[in-house]
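# A look at the structure
Here is what each chain is made of, one letter per residue.
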Amino acid sequence: ALGSAVYLLDARHRGVALRNVESALPSLSSRERRAVAKGAFSHLGRLLVEILEHDEPTSALLDRCRFEGLDHLKAAAVAGRGYFLVSAHFGNWERVALLQAALGYPLWMITRPLDNPSLEAFLAQRRERTGNRVIHKRRAVREMVKGLREGRGIALVIDQNFGEPGRVFVPFFGRPAATTPVLGSLAVRTGAAVLPVFSYPEPGGRYRVVYGPLLPVPSTGDPEADALSVTAAATARIEEAVRACPAAWFWMHRRWRTRPDGPDGGP
């Protein structure tokens, strides 16, 4: 209900979502596009309420999730070189990290601090209560290298527009999308595994959490090309998840705003 109300009242973000869906999924009818956009707002409302539930006993939260591909997680964790857990603003990415730590595989979570310090402290407490550690982006690269050397899991979401210098462009729904270079460059530099994970919403507040398989990290002697290949492969996995469950993604973000050879302004 909360998300549906925002869909009705927030004309600007509703318009962004509808334009994004039309561009990415052109085969859908106008009615189907509206359903996807409205579903994304409804899911966001669900997500905001579910964050409040993260103070519940961990056993109760685990009971509402079923896990697939845990062998891929174990393979990445026992390799000893550290690994990247890569996901998107899809499903309940916060719950994935919370429960992965409860299963014995804690993460260093790379996040952008919220503008409101009180809300940031509120969210950080929930993120860290099962053993994770929050690392803010402004000091992230040094900490990520340190964590990988210690064999830790580093959680990244890479599906938002990256307009800063150093950005790389990879295909996302058939269009070049400005993306952070950090995942690819550090994976190639350190040899860390890259493990995708996505949580698919199900009725009754439940989720299906799917891990892996590990993405290839090439070593051709051209580190720049190899890093771009890793970034493109991770982005392709995100697109697959979104196509499988479109309403679970954050369509109201201007993912294609930064363009390769022109001013910002994409949907």
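Residues numbered from 1 in each chain as written. Predicted model: local features only at pLDDT ≥ 70, side-chain atom pairs only at ≥ 80, totals over all residues. Heavy atoms only, no water.

Within the secondary structure, G204 sits in the loop between strand 8 (193–202) and strand 9 (206–211). Note: C-alpha distance between G204 and R64 (140 residues apart in sequence) is 8.4 Å. (Helix = DSSP H or I, 4+ residues; strand = E, 2+ residues; numbered from the N terminus.)

A few words on the pairing of strand 5 (residues 153–157). Consecutive residues of a regular strand have side chains that alternate between opposite faces of the sheet. Counted residue by residue, strand 5 has four buried out of five residues, so it is predominantly covered. In terms of strand pairing, strand 2 (residues 83–87) meets strand 5 through five bridges, oriented parallel. Residue pairing across strands places L85 opposite A155, the latter belonging to strand 5. Across three bridges, strand 3 (residues 107–111) lies against strand 5 in parallel orientation. The partner of M109 across the bridge, within strand 5, is A155. (Buried < 20%, exposed > 50% of the residue type's maximum accessible area, 1.4 Å probe, protein only. Pairing = 2+ DSSP bridges.)

With that settled, the discussion passes to a positive patch on the surface. On the surface, a cluster of positive charge is contributed by R12, R19, R254 and R259. One can find R12 in helix 2 (residues 11–24). (Patch = residues over 30% accessible without salt bridge, like charges linked within 9 Å, V, L, I, M, F, W, Y side chains within 5 Å. Areas by Shrake-Rupley, 256 points an atom, 1.4 Å probe, with all protein chains shown as cover. Salt bridge = Lys/Arg side-chain N within 4 Å of Asp/Glu carboxyl O. Lys, Arg positive; Asp, Glu negative; His and termini not counted. Charge placed at Lys NZ, Arg CZ, Asp CG, Glu CD.)

The next subject is the packing of aromatic side chains. Considering all chains together, one arrives at eight aromatic pairs under this definition. Seen from their ring centres, Y7 and F41 are 5.4 Å apart, and the 70° between their planes marks the pair as edge-to-face. Within this pair, whereas Y7 is found in helix 1 (residues 2–9), its partner F41 is found in helix 3 (residues 30–52), the two being separated by 34 residues in sequence. You'll find Y7 and F41 in the same group, each marked buried. One aromatic cluster is present, built from ring pairs that chain together F172, F173, W249, W251 and W256. (Phe/Tyr/Trp six-rings, centres within 6.5 Å; stacked < 30°, edge-to-face > 60°.)

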